[in-house]
Amino acid sequence: MQAPPLVERALELERELGFERSSIPEVGRLLHLLAAQRGRTRVGEIGTGAGVGSAWIVSALPPSVPFVTVELDEALAAAASELFSVDENVRVLQGDWHELMPPEAPFDLLFYDGGGKQHPELDGDEVVGLLAPGATVVMDDLTPGRTGPDPVREFWLNRAELAAIELLTTPETAAILATRR
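Let me begin by describing the structure that accompanies this report. Sequence order as written defines the numbering, with residues in each chain counted from 1. Local features in this predicted model are restricted to residues whose pLDDT is 70 or higher, and side-chain atom pairs enter the listing and the counts only when it is 80 or higher, whereas totals over whole chains, interfaces and linings include all residues. The basis for every side-chain value is the complete set of non-hydrogen atoms in the structure, without hydrogens or water.

This part is about the packing of helix 1 (residues 5-17) against helix 4 (residues 74-83). Only the stretch in contact is used when fitting a helix axis, every axis being a line fitted to C-alpha atoms; angles between N-to-C directions are given from 0 to 180 degrees. Runs of E in the DSSP output that reach at least two residues are strands. Runs of H or I that reach at least four are helices, and both are numbered from the N terminus. Look at helix 1 against helix 4: their axes get within 11 Å of each other, and the N-to-C directions meet at 150°. By the angle between their directions, the pair helix 1 and helix 4 is classed as roughly antiparallel. Judged by the sense of rotation from one axis to the other, the crossing of helix 1 with helix 4 is right-handed. Along its contact with helix 1, which presents Leu6, Arg9, Ala10, Leu13 and Leu17, the element helix 4 presents Leu76, Ala79, Ala80 and Leu83. The labels follow the angle: roughly parallel below 35 degrees, roughly antiparallel above 145, roughly perpendicular from 65 to 115, and oblique for the rest. Note on convention: near helix rotated counterclockwise from far helix by under a right angle means a left-handed crossing. Clockwise means right-handed. By definition, residues are in contact when any of their heavy atoms lie within 4.5 Å.

Salt bridges are defined by distance alone: a side-chain nitrogen of Lys or Arg within 4 Å of a carboxyl oxygen of Asp or Glu. A full pass over the atoms with the stated rule returns 10 salt bridges. Ionic pairing is found between arginine 159 and aspartate 125, a salt bridge with its closest N-O pair at 2.7 Å. Within this pair, whereas arginine 159 is found in the loop between helix 7 (151-157) and strand 6 (162-170), its partner aspartate 125 is found in helix 6 (residues 120-128), the two being separated by 34 residues in sequence. Under the scheme applied here, a residue whose accessible area is under 20% of the maximum for its type counts as buried, over 50% as exposed, and between as partly exposed, the area being computed with a 1.4 Å probe on protein chains only. A relative accessible area of 23% places arginine 159 in the partly exposed class. Relative accessible area serves as the criterion here: at 51%, aspartate 125 is assigned to the exposed category. Arginine 153 is paired through a salt bridge with glutamate 166; the nearest N and O atoms lie 2.8 Å apart. Here glutamate 166 lies in strand 6 and arginine 153 lies in helix 7, a separation of 13 residues in the sequence. On the basis of relative accessible area, glutamate 166 is assigned to the partly exposed category, the value being 28%. Each of Asp113, Lys117, Asp140 and Asp141 takes part in one network of salt bridges that share partners.

The seven strands lie next to each other as 3-2-1-4-5-7-6, forming an open sheet whose pairing is mixed. This sheet does not close on itself; its edge strands, each paired only once, are strand 3 (90-94) and strand 6. Each strand of the sheet is rotated relative to its neighbour by a mean of 15°, with strand direction disregarded. Of the strands in this sheet, strand 4 (107-112), strand 5 (131-142), strand 6 and strand 7 (173-180) are in contact with helix 2 (residues 25-35), which crosses strand 4 at around 175°. Whether two strands pair comes down to DSSP finding at least two bridges between them.

With that out of the way, let us pick up the side chain of lysine 117. One can find lysine 117 in the loop between strand 4 and helix 6. Excluding residues that lie within four positions of it along the chain, lysine 117 makes contacts with Tyr112, Met139, Asp140, Asp141 and Val152.

Right, let's get into helix 4. When helix 4 is considered as a whole, its buried residues turn out to be Leu76, Ala77, Ala79, Ala80 and Leu83. Around the axis of helix 4, the buried residues are gathered within 165° of arc, so they sit on the same side. Set apart from the buried face of helix 4 by more than 90 degrees, the exposed residues are Glu74, Ala75 and Glu82. Looking at the buried side of helix 4, the elements it contacts are helix 1, strand 2 (67-71) and strand 3. With a side-chain oxygen lying 3.1 Å from the backbone nitrogen of alanine 75, the N-terminal cap of helix 4 falls on aspartate 73. In this description, one arc is meant: the one made by directions from the helix axis to the C-beta atoms. For this analysis, a polar contact is any N or O atom pair within 3.5 Å, provided that within protein one partner can donate a hydrogen and the other can accept it, and provided that sequence-adjacent residues contribute only side-chain to side-chain pairs.

Pasting the structure below:
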């Protein structure tokens, strides 16, 4: 799949800003697929960055579906806000997701791309609380085949209220998808 025009603009913004932690194309395509599923009514993202993941999602959403993303860094949030300024259903919030996202919930699809996802003992329950029943959360930037204790996998793959799976996005990277039962 070729990147949609909005994604190309986000990638250009990423280069201009010198931001180096955007979603890889394989994750972008996964987000695009999930966003295109029938029945999405509210979609969100924690960790906007330069807006690349957001662009993959927004490019697949019907125009009437609201999308909310939150970014802690003021400069990144301002740049992403400008990127999406022509789409009235996209809102880029700047600040702490713990404060800004609960009033926006529940979400049908949530890309959890920042905000401490490596520490689910601190934020995991709060993220699950942002999901509507039947909603999906996506987390990327995981390393497959990790040995030893892994709190991220322990939390997300072993919760009774979630149906979850880990997928390879490349031979060196993985993502977790979890759906709230």
